[in-house]
Each structure stands twice: as C-alpha cells, then as structure tokens.
Amino acid sequence: VLLFAARAYGRLAADKSFDQLLAGSALSIAETLSIDRGALQVDLPYASLDMLSAAPDDRVFYRVIGPDSKTVTGYDDLPVWQPPSRRGQLATPDSARFFDASYRGEPVRFAVLGREIAAPEAQGWVWIQVGHTRRARDQLAQELVLGAVAPIVLITLLALSVVMLGIRQALRPLQRVGQD
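Owing to the predicted nature of the structure, the values given are computational and were not obtained by experimental measurement. (Residues numbered from 1 in each chain as written. Predicted model: local features only at pLDDT ≥ 70, side-chain atom pairs only at ≥ 80, totals over all residues. Heavy atoms only, no water.)

A few words now on the sheet that holds strand E7 (residues 122–133). Ordered by their spatial adjacency, five strands build an open sheet running E4-E3-E7-E6-E5, and the pairing between neighbours is antiparallel. Both edges of this open sheet fall to strand E4 (71–74) and strand E5 (97–103), since each of them pairs with a single strand only. Between one strand and the next, the sheet's axes are offset by a mean angle of 25°, whatever the strand orientation. (Pairing = 2+ DSSP bridges. Helix = DSSP H or I, 4+ residues; strand = E, 2+ residues; numbered from the N terminus. Axes fitted to C-alpha atoms, helices over the stretch in contact; angles between N-to-C directions.)

Relative to E4, strand E3 (residues 60–65) runs antiparallel, the two sharing three bridges. Each bridged residue has a counterpart across the sheet, and for Ile 65 the counterpart in E4 is Thr 71. From the end of E3 to the start of E4, which pair antiparallel, there are five residues, and Ser 69 there has a positive phi angle of about 65°.

The pairing of strand E1 (residues 33–36) with strand E2 (residues 39–42) spans four bridges and is classified as antiparallel. Paired with Ser 34 across the bridge in E2 is Gln 41.

Mapped onto the elements of the fold, Thr 133 is located in strand E7. A distance of 2.5 Å separates polar atoms of two side chains, one belonging to Thr 133 and the other to Asp 58. When neighbours within four sequence positions are excluded, Thr 133 is seen to be in contact with Asp 57, Asp 58, Arg 59, Phe 61, Glu 106, Pro 107 and Val 108. (Polar contact = N/O pair within 3.5 Å; in protein donor to acceptor, adjacent residues only side chain to side chain. Contact = heavy atoms within 4.5 Å.)

The predicted model of the chain has a mean per-residue pLDDT of 80, with 85% of residues at 70 or higher. Confidence drops under pLDDT 50 across residues 87–92; counting only partners more than four residues distant or on other chains, this segment forms eleven contacts. (pLDDT = per-residue confidence, 0-100.)

Below, the discussion takes up the pattern of salt bridges. Inspection of every chain in the model, using the stated rule, returns seven salt bridges. Two residues, Arg 134 and Asp 15, come together in a salt bridge whose shortest N-O distance is 2.8 Å. One end of the pair, Arg 134, is in the loop between E7 and helix H3 (135–179); the other, Asp 15, is in helix H1 (residues 2–30), and 119 residues separate them in sequence. Take Arg 134 and Asp 15: they sit in the same class, and that class is buried. Here Asp 100 ties to Arg 109 by a salt bridge, and the two come within 3.0 Å at their closest N and O atoms. Under the relative-accessibility criterion, Arg 109 is labelled buried at 12%. Within this structure, Asp 15, Asp 19, Asp 100, Arg 109 and Arg 134 form a network of salt bridges that share partners. (Salt bridge = Lys/Arg side-chain N within 4 Å of Asp/Glu carboxyl O. Buried < 20%, exposed > 50% of the residue type's maximum accessible area, 1.4 Å probe, protein only.)

Okay, here's the thing in structure tokens:
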C-alpha cells in the first residue's frame, strides 16, 4: 500500500511540475499569434520548445490549429483533442487542459491552450497543442518514490532491530530461569 501511494504521489508531483512547463510553452507560442492580411501567423519562439527539451531523451511535439480547424504549423497527426463547443467551458483564455495519449508508439503528455481571435478578417478559436514524452516525468517520479520510500524502509528496519534487541533483553532473565 505504501509503495502504491508513493508511486501515485510521485507521478502526480512529476506531472504537476512538467505540466507547468507544458502550459508555459503553449502560452509562449500563443503570445506570438497574429493576423496578417486575414491569415493567422505564428512566429514560433524556439525558447517555447527548448524549455521542454532539457531532458536529453525526451521529444517535444506541437501544433497550432486555426479557427477553421486546420493545422497552421506543427505536427498535423497529433492525437485528436476535441476543443470545447461553448466559449464558457475554459476557465480563462490562458487555462491549459492536459491529457495523455500515445503518439508514435510512446506515451506523451499534452497541453492544449485556447485563444480567441476577434479580428475583422478572422474570428474564432485558435488552439495550441504542445506534447512532451513522459521519460523525464517517469524518471522524476521514480526518484521521488525512491526518496520517499527508502528512508521509511530504513527507519522501519532500524525500529524493528531496536524492538528485537529490547525483547531479547527483556526475556533474558526468563531464559536464565529456564536454564536453571
């Protein structure tokens, strides 16, 4: 039970940390959206994806979906995420939604962020989707579990040793009586 709880805690803590990076990356991309002659333009900042590539084995994926539901830039074949059908379903325009999916045979965590475009030549929602493989997350979760469980196991073993020593000491007079 302890190990299960520690694993759940480790995964939750790792997701929480990395989700902030995903949301920050999506927000960074959203800040570059503009309309030029009726067309949606995205000036993708390299730092928005670079912040996620700190783990050498992880891969990063992104997509910007225009109001016409077509990919403006990025990976067109990312797992489908259905945006809310009503405007009020997002808490704020900058509120990211997170989901897990398999992409190219690997588990990937995605963040999706919506921005409403209200220009005379283009109107509607633009969706920014950023994904990050789970390798660094899983490694962090494992380190958290090990860091949480190892001290508990050591303290438990030490406590059991002290209890066993105490019991032996307490029963020593009884052993003498038995030998006599």
